Structure formats: C-alpha cells, structure tokens
Amino acid sequence: MDNNHIHLTLNIWRQETPSSKGFFEEFKQDVSPDSSLLEILDEINNRLEAEGKRPIAFESDCREGICGTCGLVVNGNPHGPLPKTATCQLHMRNFNDGETLFIEPFRATAFPIIKDLIVDRSGFDKIQQAGGFVSFNAGSAPDANAILIPKKIADLALDAAECIGCGACVAACKNSSAMLFVSAKVSQFAILPQGQPERYERVQAMVKVMDENLFGSCTNTYACEAECPKGISVSNIARMNREYIGAKFKTEELVD
Amino acid sequence: MIKLDSHVPEGNISEKWANHKFSMKLVNPANKRKYDIIVVGTGLAGASAAATLGELGYKVKAFSYHDSPRRAHSIAAQGGINAAKNYQNDADSVFRLFYDTVKGGDFRSREANVYRLADVSNNIIDQCVAQGVPFAREYGGMLANRSFGGAQVSRTFYARGETGQQLLLGAYGSLNRQIHLGNVTMFSRREMLDLVVVNGKAQGIIVRNLVNGEIESYSAQAVILATGGYMNVYFLSTNAMNSNATASWRAHKRGAVYANPCYTQIHPTCLPVHGENQSKLVLMSESLRNDGRIWVPKKIGDTRSPKDIPESERDYYLERKYPAFGNLVPRDVASRNAKYVCDEGRGIGGGRAVYLDFSEAFNRIGKEGVKDKYGNLFDMYQNITGTNPYEVPMQIYPAPHYAMGGLWVDYNLMSNVPGLFVLGEANFSDHGANRLGASALMQGLADGYFVIPYTLGNYLTTEKPAKVDPKSNEFKEAENNVKENVSKLLNVNGKQTVDSIHKRLGHILIDKVGMSRSETGLKEAIKSISELRQEFWNDVKIVGKGNELNQTLERAGRVSDFLELGELMALDALNRNESCGGHFREEYQTVEGEALRRDDEYSYVAAWEFKKPGMWELNKENLEFETIKLATRSYK
C-alpha cells in the first residue's frame, strides 16, 4: 500500500480536569495516508510518552465503527468530514498535504468533559434504562418462528436498531437534542410486534429521562442525521413524536 | 497438584443437562435477594448473566471498564449465531451441531459441555427474538439462515453484518431493565485488578476506578468473570483496543488454573497489515467465503495486476486441496494455507496477502446481488483500503482473532476456585482447539442466559458462602497488592513506552506462537518473552499519576499481564507435542502437510497452575470421547 507521507498540523483540545480551562495544543505530524486519525493520535501519544509529557486522553475501542466509543469533532464535524463514518474509520488519505485540523471533544451540556477529548455520555445509558427494552425474562420465549414478521418490517426495525450510541447526533445539534438517539430505540420497538405491550409507556418514560438529563429540544435542522455514522433517519424522530402524542391519549390510565 | 474434576453428570449425553438441572439444589425465590453476586464484564456473556440473575432475584453488581455496557467487543461480531433449529429442513439437529462443534474443535473440547451448548442454542434464538432483536427475515416473515465457515447446513442466524451488535444490544436492554428495577447495580469505568479469596472461596474483587484512580473493594458470595479473550497479547489482533486478559490473569495468580492457552484462532479473512503504526487489524466476516474465491498467482514473485493474471496462472489453493469444502474449510485450515502460500513467496506482490475474488459471483448473481449480501463489508473494505472491491479483488490475510483457551471451568462453569465462575470467551470449555464460525455468540449467550442461572444456585445452596466484610484482612491484603503493583509500575520511570514493548511481544508471538510453531521457535519465544518482561519492569515509562484518569497506566497493567501470559502460551504450545486445530506444530504433520493429532498422549486439557512469573505446574483433565468417535478431521 501507499507509503507517501503527508504533512499535517493538528490542533488538539487539551483539558486536564472537568473544571479546568481548556486550550488547543498544536502538533505537526507526518502521516501515512493509510493510517486512521486515531492511529495518528496513538503516534503522537507515543512520542509524548517517550518525552515524559502527558499524552492526549481520548477514547476508542473496536476501531471498526460499531462500538460507538470514539467520537471526536474534526474541523467542526462530529466524526469528521466524511458522511456515515465514525472517527475510527477516518483515514488520512481524506486530507491534503499541508492541511490544518482542529480536533475537539463532543460538546454538549449533557456530555461534560472528563479529560481532554473524553466526555461523559452516561445520560444515554440512563435513557435506555428508563425503557429501551422489551420486558421479557429468559426461559419462557415461544419458538422464534411463532411470530412471523414481514421482511420489510424487520429491515425497518434494524435500520433504527443500528444506532451505535456514539452521541454525534447530540454533538451536531445546536440544541444538544438526543431525539435521534432516543427515537431510534423507540422506533425499533414501536415497529416490531415484540415492542407492542410497552409501546406507549416506553416512549413516555424515555422522553422524560431524556429531558431530565439536560438534552435539548428538536427544532428539525436534521444536523443529527447528516452527522450520524450509521445514517439513522430523522423519520424516526417523526415517528417518535407521533408515538409520544398518541401515548398521551392512549395510556393516561396506564402511566403514572 | 490440583485435582480437576469436570463434574460431568452421569447418563446419556442427551440427558446429562436435563438430569443435572433436576438434581441441582435450588435457592428459594425469597432467599435469592439475600445473595450478592459480582459479574465482571458486560459483553454478551456478562450482560446476559447479570440480567438473568437479576430477573431471578439475585442482587447483582456488574462491572465494566467501558463507559457503557454497550461498548463491549461482542458488538463487533459480524457474521451470525448458530442454532440447531433446522428451519431450513436441511437435516440439521442438536446432535449435528454438537458433532460439528466437537469435530471442528479437533476433539479437544469436553463433549458434555458442547452437547449442552448445542442443546440450548435453540432457546437463545427464541429468547433474542422475544427481546426484539431484528434478525434477518425471508419475505414470508420467517427467520433467514445462511451457511457459515465449516458447516454444511444453513444454521446461522444473522442481522446484516451486525449480528453481534444486535445481540449485545438485546442483552444490554435486558440488563438495563434490571438496573431500572434495582436488581443490578452497574459500575462502569471500573477495571478489576484482583480477586479476593477468603477461606478458599472467591468472595470479591478489587477494582480501580478509571476516572479518579481510586482503588475500591466489592464483596459478594460469588464472582462471575465474563471478561473476554486474550488475543490482544499479539498487539495486532481483531480485538478491540481495550480487550485484555487482566481480570482472568489476576484470578489465575490467585489460584485459578489457566487451560489450553496455546489454542488461539487466527482468522483467515482480515485486512492485511498496512504499516508499523497500525493499531489493530480489521476482520471481515468470513461469510464472504460463501461467494468469494481465494487465490494467489501460481508463479513466485508475480507482480502483475490481478486482471492481467489469466485463470490458468491462478492457484485457487483451497479449492484445489480441499475439493469437498473448498473456500469454506474451517478457519485454522484456511489461515494456515494462506501463510504457506505467502511463505512460498506467492503472496500478492510477494507480500503477505491473498486475493478474495468475487468475479465468479458477479457473473452469477450480478454486482447488485453481491451488494445485497455483502454491501456493508464491501463499503468497509473500500473505506479502510481506499480500493474499490467491486473493481479489484479484495486482499486478505489472517489475523489473531479468538482465544479458545482461558480459565479452566467444570461443567458448572466454575473454576477450581470455588465461587469463581467464568463465562464466554474467558473460559476454555466449548471450542476445543478451534472455534467454528458463528459459535462465539452462541456460547456467550448460552453461558449467560441458560447455564449460569442454574449452576450458580446449586453452588450457593451447597457451599453456603458467607457474606464477607470488605474491610476484612483478605480484602485489605488484596487492596494493598493492587496499590503496590500500581506504584511499582509508576516508579520504574524508564525510557520505553508501553506500546513499544507490547509491539515487540506481539512480533515474538505472531512469529513463533502463531499459525505454525516449532520446538526451537517456542524455546526461543520463552526466552525472549522472559527477557522482555525483565526489560519492561526495568525500563518502561509511564507518564502521570495513579490517582487520576491515566490510560497509559491502564495499558501498562494489561501489558505486564500479557508478558506473563505470552510466556505461558509458548510453554503450553511446547508441551503439546501434536498438531490440533489452531495449534500447529511443524514436527507433527502428515505427509500431505495436515495436522497430526496424537490422541493417545494429548487427549487432555492442559491446565496450568501459577507458581511465580515464568513458572507453572501442569495439571491434566483427560478428555473422554464416549459419543463421538475420535477421527481425523478431513475437509478434502
């Protein structure tokens, strides 16, 4: 593969603690076009460590675009300039020799910075704990083919279920809304027969916890869909709004 | 010497689990809430275990080093999950899945465990569908299946190329429900650094809070490890960046024996290495082998572009050597043969890569047809390599992927330390010397949803473990052990980075304890790993402090364990004077170059007891094959 290096200037956000003042630190780096952005951060960190300097704190895990751990803002775009690409899949061949990059953490009130590029996304877990499940104990399931589900319905549910929980939608939204994230799970279960028994309680419980955790409102700019590494559709938000309003009528006597 | 009793129940293979479930003692529903259970790791095995134990009423504390259980590396499994549903009416059965798994594991797994795995496989699919996992479906609404590496029936259930994600999110949902109900308390960003053993029983763990560096103690009446595999020991592997062996290794150093560490799976369909700064290897689902044909040029050093190499000058080496299975031979066979052709100098451009070519499939089902089946994998390939696989054949090469070895467990999934249970990839039990495709997800969920909920209760009622105060001496001693280890690491203050030492370990291992091993190479590996370990403790450099978020310190702890584990892998490989599954010893092969098993001498599980770094004692559990006759694996 190609080994012609290109030269980049990287301005990387440094912030030692949640309350300390952050700043951009400049790094000049020759990079292989086949390397990913995170591999460049690895290289810089190895150099910093060898020099006895504090490495850049950033998170990543699978580096295959599916675990949702990595999430950086590159030149203003969550996960960088390429559509449907997580930060870990962003390769340097997408940048030009001599280019300058600005690398920041996801910024949202609901995602406080822990250190450098690491943010706290536990608000997402709290929303899922409120209702992102089908209440079904292990051991009592009927045969898997007992309920037939049309392929179209299964595919539509999977389109929504592909969300990786990275938080790019929140970081992209000027209101820090989590509507795309929440609506993806609400949609999956609103579409599937297995989700029907708790359909209306679920949407209300999840929206309530979403609001409690300082996520903002949706004003339909669709920035979330544009930045989503899995291309989750904003039609899920529309569906969630319908579900939510419907739930208000249908379950007054059922929901606390 | 430790006496290893597998506790396999009496009776016919198909009745063992049913009999055992009946004979095990139960915990009264009202008493379950009196038991505290620790689950370490919240991937498929851990999340399903924590959720199910919560459903039963136990008080569960679940631990993960991730910020959320949804990050666990189970999420990256692409291809699918096996079950013996026989929905395709192609003569599949529990017995056939059992047979295929024992044979695929090259007769080095425990029959009774494997049968149970095949037996509960159908319940897993039922459970996941009931949770709302959106598996692939046919137009009529039935679940879809495909065939997968090493199987001649279509028994693999899948959700596009994201089966692991959907199954993990299903288990994560169940876990979230139990957190919501208060039955499970989730401790995220915590790394287990020691096991606490009181009066011979596992009673708790010591963790480091990864945000503030505090050392915390948690007590319980049983500890369940579901902490995944150790393939990052090779530095470059398909595992996630943070996957590590530390929890199971620290348990090993507290007495749990480590079984078959030399059984490692090197997966055939991964992207080739692009350079020295590469951080990890990317796997592409081996479902690609259903339609892709693997070949290399016949000529050594052929540097022509693939389109200029005529059919007559291509060697479809798997189809040639294994006409019955062709490109669908098991992973170990496919990987080793890729290594051989590259060793001969016939790799692409003389390097370490082979072609995975879809031109025949393009002609048969069209590019659209291929896109429909493998679109996301083709996109991923293009994204990573910058080459369009619809135009130019893919290049692949094997990469370390899955650890069949792990902590030894009995039929109840309990280690030799009473009260310490081990689930999923972290244990050694079900895959023998080689794991078949689409059976890792199956095993993780079988252990978590359908095995541990039964066997744990039996332990609690028969052994009656006490509640231990986390301020007791045993906890204090373990806490101090962890603190001393952390400060020892920070005080080395040498010159080499953690990654640079880890990379050197990886080079030694892939070279000498990889796809092909020899006595000389293994002896060299043992020597160089032991020297590298000394070097690490004399010259590693860790910037920062212990009482803060310090990722270098986290990695250093993990690498220090890999430096011990790597040596044990080589020792185990040296001890096993035979070839089986993923363990191929050059001295033991047939005239045709196939693996030569030596059943008379090596039909046992090698379970190593830790004495001190670099010194272990071998314990053996003999494997009995009562149901399936020992046979030479042949895929010709």
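What counts, and at which threshold
Residues numbered from 1 in each chain as written. Chains lettered and ligands numbered in written order. Predicted model: local features only at pLDDT ≥ 70, side-chain atom pairs only at ≥ 80, totals over all residues. Helix = DSSP H or I, 4+ residues; strand = E, 2+ residues; numbered from the N terminus. Rg over C-alpha atoms; globule rule 2.2 N^0.38 Å. Buried ≥ 20, exposed ≤ 12 C-beta atoms within 10 Å, placed from the backbone. Contact = placed C-beta atoms within 7 Å. Pairing = 2+ DSSP bridges. Domains from an automatic or database assignment. Nonpolar A, V, L, I, M, F, W, Y, C, P; charged D, E, K, R; others polar. Core = buried A, V, L, I, M, F, W, Y, C linked by C-beta atoms within 7 Å. Axes fitted to C-alpha atoms, helices over the stretch in contact; angles between N-to-C directions.

(A) Quick peek at the overall build of chain B. The helix and strand inventory of chain B stands at 16 helices and 19 strands. Over its C-alpha trace chain B gives a radius of gyration of 24 Å, about what one expects of a compact globule, namely 26 Å for 636 residues. If one aligns the C-alpha atoms of chain B with their principal axes, the spans along those axes are about 75 × 60 × 45 Å. Within chain B, buried positions represent 61% of all 636 residues. A fraction of 74% describes how many contacts in chain B between residues 6 or more apart in sequence connect residues 24 or more apart.

(B) The overall build of chain A, seen in detail. Secondary structure summary: chain A contains 8 helices and 7 strands in total. When its C-alpha atoms are laid out on the principal axes, chain A stretches across 65 × 40 × 35 Å. Relative to its full complement of 256 residues, chain A shows a buried share of 55%. The contacts of chain A with a sequence gap of at least 6 include a subset with a gap of at least 24, amounting to 72%.

(C) Quick look at the pairing of strand β14 (residues 354-357) of chain B. All names here are of chain B. Of the two faces of β14, the one holding Val 354 and Leu 356 and the one holding Tyr 355 and Asp 357 are both buried throughout. Both strand β12 (residues 293-297) and β14 contribute to a ladder of 3 bridges, which runs antiparallel. Across the sheet, residue Trp 295 finds its bridge partner in β14, namely Tyr 355. Two strands pair when backbone bridges link them, and β14 and strand β15 (residues 394-403) are joined in this way by 3 bridges, in the antiparallel orientation. Bridge pairing links Val 354 to Ile 396 in β15.

(D) Region of interest: the sheet that holds strand β13 (residues 314-315) of chain B. Spatial strand order, β11-β15-β14-β12-β13 (chain B): 5 strands in an open sheet with antiparallel pairing. Sheet topology places β11 (264-270) and β13 of chain B at the edges, where each strand pairs with a single neighbour.

(E) Region of interest: the domain arrangement of chain A. Domains assigned within chain A are domain 1 (6-115) and domain 2 (121-250). Here the residues of the side of domain 1 of chain A that touches domain 2 of chain A are counted per class, giving 9 nonpolar, 7 polar and 2 charged.

(F) Just helix α3 (residues 151-161) of chain A, in detail. Those residues of α3 of chain A not exposed but buried are Ala 154, Leu 156, Ala 157, Leu 158, Asp 159, Ala 160 and Ala 161 of chain A. For α3 of chain A, the secondary structure elements touched by its buried residues are α5 (179-191) and α8 (235-250) of chain A together with α6 (163-181) of chain B.

(G) Spotlight on the nonpolar core. Residues Val 170 of chain A together with Ile 224, Leu 225, Leu 407 and Leu 420 of chain B are the most contacted members of the largest nonpolar core, which totals 292 residues. With 12 residues, the single largest contributor to this core is helix α11 (residues 440-463) of chain B. Residue contacts for Leu 420 of chain B: discarding those within four places in its chain leaves Leu 195, Ala 202, Val 223, Leu 225, Ala 251, Ala 256, Met 414 and Ser 415 of chain B.

(H) Representation of the environment of His 401 of chain B. Residue and element names in this part refer to chain B. Position of His 401 relative to the elements: it lies in strand β15. Spatially, the C-alpha atoms of His 401 and Asn 82 are 18 Å apart, while their sequence positions differ by 319 residues. If we ignore the near neighbours within four places in the chain, the residues touching His 401 are Met 231, Ser 237, Thr 238, Gln 265, Ile 266, His 267 and Leu 283.

(I) Summary view of the sheet that holds strand β4 (residues 77-78) of chain A. Residues and elements named next belong to chain A. One open sheet accounts for 5 strands, arranged β2-β1-β5-β3-β4; its pairing is mixed. A single partner strand is all that each edge strand has here, and the edge strands are β2 (23-31) and β4. Across 9 bridges, strand β1 (residues 6-14) lies against β2 in antiparallel orientation. Within β2, the residue paired with Leu 8 across the bridge is Gln 29. Strand contacts of helix α1 (residues 37-50): β2 and β3 (72-74), with the helix running at about 100 degrees to β2, the strand carrying the most contacts.

(J) Region of interest: the environment of Asn 31 of chain B. Residues and elements named next belong to chain B. Mapping Asn 31 onto the fold places it in helix α2 (residues 29-32). Exposure remark for Asn 31: the 14 C-beta atoms within 10 Å place this residue in the partly exposed category. For Asn 31 and Leu 630, which are 599 residues apart along the polypeptide, the C-alpha to C-alpha distance reads 45 Å.

(K) Seen up close, the environment of Glu 621 of chain B. Residues and elements named next belong to chain B. Note that Glu 621 resides in strand β19 (residues 615-622). Measuring from C-alpha to C-alpha, the distance between Glu 621 and Ser 6 comes to 7.7 Å, with 615 residues separating the pair along the chain. Non-local contacts of Glu 621, meaning those with residues more than four positions away in its chain, are made with Leu 4, Ser 6, Tyr 604, Val 605 and Ala 607.

(L) Fine view of the domain arrangement of chain B. Residues and elements named next belong to chain B. Each assigned domain of chain B is listed here: domain 1 (268-400) and domain 2 (472-594). Between the C-alpha centres of domain 1 and domain 2 there is a distance of 31 Å. Every contact between the two is made by 6 residues of domain 1 and, on the other side, 6 residues of domain 2. With 4 residues, the single largest contributor to the side of domain 1 that touches domain 2 is helix α9 (residues 331-343). Among the residues making up the side of domain 1 that touches domain 2, the classes are represented as 2 nonpolar, 1 polar and 3 charged.

(M) Seen up close, the interface of chain B and chain A. Residue-level contacts link 60 residues of chain B with 66 residues of chain A. Sort the elements by how many residues they give to the side of chain B that touches chain A and α6 of chain B lands first, with 9 residues. Considering only residue class, the side of chain B that touches chain A consists of 21 nonpolar, 26 polar and 13 charged.

(N) Spatial organisation of unusual backbone geometry. Residues and elements named next belong to chain B. The backbone of Ala 91 sits at a positive phi, close to 70 degrees, despite the residue not being glycine. With respect to the helices and strands, Ala 91 occurs in the loop between β3 (81-82) and α4 (94-104). Positioned with a positive phi, Ala 438 is a non-glycine residue whose angle comes to about 65 degrees. Relative to the assigned elements, Ala 438 resides in the loop between β17 (420-422) and α11.

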